[in-house]
Each structure stands twice: as C-alpha cells, then as structure tokens.
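Understanding the architecture of this molecule
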Amino acid sequence: MKNFVSRGFPFHRGRRLRSSNNLRNIVSETHLTCNDLVMPYFIREEDDSAAIYVMKDLQRFSISELVRELEQVMKNGIKAIALFPKIGEAKKSENADESFNKNNLVCRCLKLLKKEFPELIVICDVALDAYTTHGHDGVLDSKKNIHNDKTLDILIKMSINFAEAGCKIIAPSDMMDGRVKVIRESLESKNFSDISILSYSSKFCSNFYSPFRDALGSQNNLGSSKKNSYQIDFRNSREALKESIEDIYEGADIVMIKPAGYYLDVIKEVKQNCLIPVAAYQVSGEYSLIKNASDNKIINFKECVLESLYCIKRAGADIIFSYFSSEVAKWIKK
Ligand code: PBG
C-alpha cells in the first residue's frame, strides 16, 4: 500500500480487531464455500478392487456406487466433480486405444450421471496416462520419446467422445503443446461451442502425484520413468505464467495450477496476470500428508484441512480441486 504511513503504537494496535470471534469474522478477507470446491473421484470397472491403500478414506467407485455417493454429497452442497478412471490392465495399450473407445468407463459413467444428476458439473481429465501400458501421458515414437502431435490426435477424439457423452468441462491435463487449441477447434467444428475447457496450464513435474498414480494403477507401468519432458520444472514460475497465457490465447476458459499448496506464489502470479478464473489442484500427495499426520495425531485434521484450503483461496484460486471436498462440504454446508 503506497500511501500508508503508520503512526505506530499505541495508535496502531493490530490486536484490537483480533479480540473476538465476531470481529475476526467481519474483517476476514477470504471465504470458502461449496461453490469453490471440486471433488475428484476415482472410478473403476465393476470387477476391480475398491481399496486405495495409499490414500486413506478414499476409494475407487463403481459407476453405480458413485451414483449413491453423489446423492449424499450433492445434498451437502458439492456441485462439481472430476472423474479419473482406473482401467483394467488388459485394456491398456501402447497407443491408449481404450481412451477413445466411445463406450469406455468414463463415457459410460458420464451418460448415467447426466441422466441421474443433470445439474451436476462433471469435469473430465483428458490425458492418456490412465490408458497406456507405459504410464505416460502421450504416445511414444520409435525412440521412446513422447510424440506431441500424434498425442493431440487422440486427445481430440477423447474430448469429442466426452462431449457427446455429456461432459460440460473438458480438462486437458498432459501439458502437450497445442492441445487447448486443437480441442477448442474440434469442439467448435462439431457444434460443441458451449463446452468449456479447463486447462491444466501450469502443471508441474511434481513428486506429490504418486498416490494418485497408485490409485489409477499407472505407477507400476511408469516405473522410474519421469514426466519431465512435458510437465513444468518446479524451479520455474515465469514459465508457468507463460503456459497459462498461451492456453488462454488457445481458448481455455479456466486455467489451473497444480499442485496447490507448495505453489501459492504461482497461483498468485497467474491470478494477477490473467483475466479468467483460476483453479488449483490440491493433489494426492498433499492429501496424504495431512491425512497421515492427522491420523497419527500429529496435527488436527479439520483445522489443518481448512487452513490448507483457505490459504489456496487467499493466494487467488477461484476453484479448488481437493480430495477433502466432500468432507469439507459437511462442515461448511453452503
Ligand atoms: C493425469 C493426471 C495426474 C494427476 C491428475 N491428472 C497425474 C500425473 O500427471 O502423473 C495428479 C493428481 C493427483 O496427484 O492428485 N495426467
């Protein structure tokens, strides 16, 4: 603040406005409601296992189980979810063919959810990692490098299938170059001009994704291979801002920073420099840290979850993807 000259103590006493609950509430700068939250769900084929050992209290839902879960969760105020499929190993392939099967797990789930909950916002991840035998987000060339443009062709097919099955927000998450542009163009050309694109525009090559990869069954396939030839180096923030701006030019409606808690500076930077809504993804490793520490009585679960989310909002996120969302909705019910 440029024109602020403090007269100092005792004119200034910061504690005056901190002295009661009501005072603290009326001067609070950041608010959190169910409108800010997206709940990610792992879905599975009927005959696959539900338990996710690395993410306590979460599970993989069959499509029918998800419908029952959502009846409750939506009553508590959740309005948006994100879907992540665990595909059977037998359906995975080098070139991710199952990803553009019009009747794959995600498409079947979308169709049922559209029928059961027409108002629910379902956000679909568009990336190949759930479908490849090597666990990477793109198809490989003969030298085992990720082939950007061949991957784009598949992302287009996936996006159109999802749109046809009822998805309202397409979320490309693989950091391939040009994906937002080609998806936007093909949605427009196929009369899906009302489908939004939420781009994982600043997705860092993070070590905090590993519980998610276990949940999806892609960890073993990926092995010790890294995603650093496409995801952003965590030492860089200007690069992350540039990627967001490029994606906005390409036609993104919402940009996202991921992970969230260790990347608050990036959230703030993107928020200050872009004019579209900014989302942040509190990822599986962030979930697991809070969950395990609180299960072991090292920190308080509810207080730490809320603090983590308020801080992400304070940094500038308009929307937060968090595995705590369905639980938090019970606490804040708004
Ligand atoms: C897939 C994808 C990943 C996550 C969301 N979409 C994993 C990855 O990039 O390896 C991670 C989410 C999480 O850790 O909670 N491209």
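Residues numbered from 1 in each chain as written. Predicted model: local features only at pLDDT ≥ 70, side-chain atom pairs only at ≥ 80, totals over all residues. Heavy atoms only, no water.

Residue position: lysine 102 is located in the loop between β3 (80–86) and α3 (105–116). In this structure the C-alpha to C-alpha distance between lysine 102 and glycine 8, which are 94 residues apart in sequence, comes to 67 Å. The contacts of lysine 102, once residues within four sequence positions are left out, are Cys107, Lys111, Asn161 and Glu164. A distance of 3.2 Å separates a polar atom in the side chain of lysine 102 from a polar atom in the side chain of asparagine 161. (Helix = DSSP H or I, 4+ residues; strand = E, 2+ residues; numbered from the N terminus. Contact = heavy atoms within 4.5 Å. Polar contact = N/O pair within 3.5 Å; in protein donor to acceptor, adjacent residues only side chain to side chain.)

Lining the immediate surroundings of the ligand are 18 residues, of which Lys203, Arg213, Lys227, Lys258 and Tyr323 lie closest. In isolation the ligand exposes 400 Å². Once the protein is present, 100% of that is buried. Looking at side-chain class alone, the shell around the ligand contains eight nonpolar, three polar and seven charged residues. (Near = heavy atom within 4 Å. Areas by Shrake-Rupley, 256 points an atom, 1.4 Å probe, with all protein chains shown as cover. Nonpolar A, V, L, I, M, F, W, Y, C, P; charged D, E, K, R; others polar.)

On to a nonpolar patch on the surface, then. Residues Leu17, Ile26 and Val27 make up a contiguous nonpolar surface patch of roughly 300 Å² in combined accessible area. As for its position among the elements, leucine 17 is in the segment before α1 (21–26). Using a relative accessible area of 48% as the deciding quantity, one classes leucine 17 as partly exposed. (Patch = residues over 30% accessible without salt bridge, like charges linked within 9 Å, V, L, I, M, F, W, Y side chains within 5 Å. Salt bridge = Lys/Arg side-chain N within 4 Å of Asp/Glu carboxyl O. Buried < 20%, exposed > 50% of the residue type's maximum accessible area, 1.4 Å probe, protein only.)

Here we take up helix α11 (residues 301–315). Because each turn of an α-helix spans 3.6 residues, side chains separated by three or four positions in sequence point in the same direction. Between its first and last C-alpha atoms α11 spans 21 Å; for 15 residues at 1.5 Å apiece the expected length is 21 Å, and the two agree. Buried residues along α11 sit against β1 (37–44), α9 (264–273), β8 (278–282), α10 (284–295), β9 (319–322) and α12 (325–332). Where α11 begins, one side-chain oxygen reaches toward the backbone nitrogen of lysine 302, 3.2 Å away; that side chain belongs to asparagine 300. Immediately beyond the C-terminal end of α11, within one or two residues, lies glycine 316, with a positive phi of roughly 130°. (Expected span 1.5 Å × (residues − 1).)

Together, Arg13, Arg15, Arg16 and Arg18 make up a region of like positive charge exposed at the surface. Looking at the secondary structure, you find arginine 16 in the segment before α1. The exposure class assigned to arginine 16 is partly exposed, which follows from its relative accessible area of 44%. (Lys, Arg positive; Asp, Glu negative; His and termini not counted. Charge placed at Lys NZ, Arg CZ, Asp CG, Glu CD.)

A few words on the pairing of strand β7 (residues 254–258). Among the five residues of β7, five are classified as buried, and the element is accordingly described as predominantly covered. Here strand β6 (residues 196–203) runs beside β7; their pairing, made up of four bridges, is parallel. For leucine 198, the partnering residue across the bridge sits in β7 and is isoleucine 254. For the crossover that starts at β7, traverses α9 and ends in the parallel β8, the hand is right-handed. (Pairing = 2+ DSSP bridges. Right-handed = clockwise from strand over helix to strand, strands pointing away.)

Burial in α9 covers these residues: Val266, Ile267 and Val270. Here the buried residues of α9 occupy an arc of 105° about the axis, which is enough to place them on one side. Across α9 from its buried face, at more than 90 degrees, point the exposed residues Asp265 and Gln272. Buried residues along α9 sit against β6, α8 (238–250), β7, β8 and α11. (Arc of directions from axis to C-beta.)

Following both chains from N to C, one finds helix α4 (residues 148–165) and helix α5 (residues 179–189) inclined at 45°, their axes separated by 9 Å at the closest point. With respect to their mutual orientation, α4 and α5 come out oblique. For the crossing formed where α4 meets α5, the hand is right-handed. Taking contact as the criterion, the partners of Leu152, Leu155, Ile156, Ser159, Ile160 and Ala163 in α4 are, on α5, Arg179, Val182, Ile183, Ser186 and Leu187. Per-class residue counts for the contact of α4 with α5 are eight nonpolar, two polar and one charged. (Axes fitted to C-alpha atoms, helices over the stretch in contact; angles between N-to-C directions. Parallel < 35°, antiparallel > 145°, perpendicular 65-115°, else oblique. Left-handed = near helix turned anticlockwise from the far one by under 90°.)

Another aspect to go through is the environment of lysine 56. Looking at the element boundaries, lysine 56 is found in the loop between β1 and β2 (60–61). Accessibility expressed as a relative area gives 36% for lysine 56, which makes it partly exposed. Taking the C-alpha atoms as reference points, lysine 56 and phenylalanine 4, 52 residues apart in sequence, are found 48 Å from one another. With near-sequence residues (within four places) excluded, lysine 56 lies in contact with Tyr287, Lys291, Asn292 and Asp295. For lysine 56, the side chain forms a polar contact with the side chain of asparagine 292, separated by 3.5 Å.

Along the chain, the position of arginine 179 falls in helix α5. A distance of 2.9 Å separates the side chain of arginine 179 from the backbone oxygen of proline 172, its partner in a polar contact. When neighbours within four sequence positions are excluded, arginine 179 is seen to be in contact with Leu152, Leu155, Pro172, Ser173, Asp174, Ser199, Tyr200, Ser201, Asp247 and Glu250.

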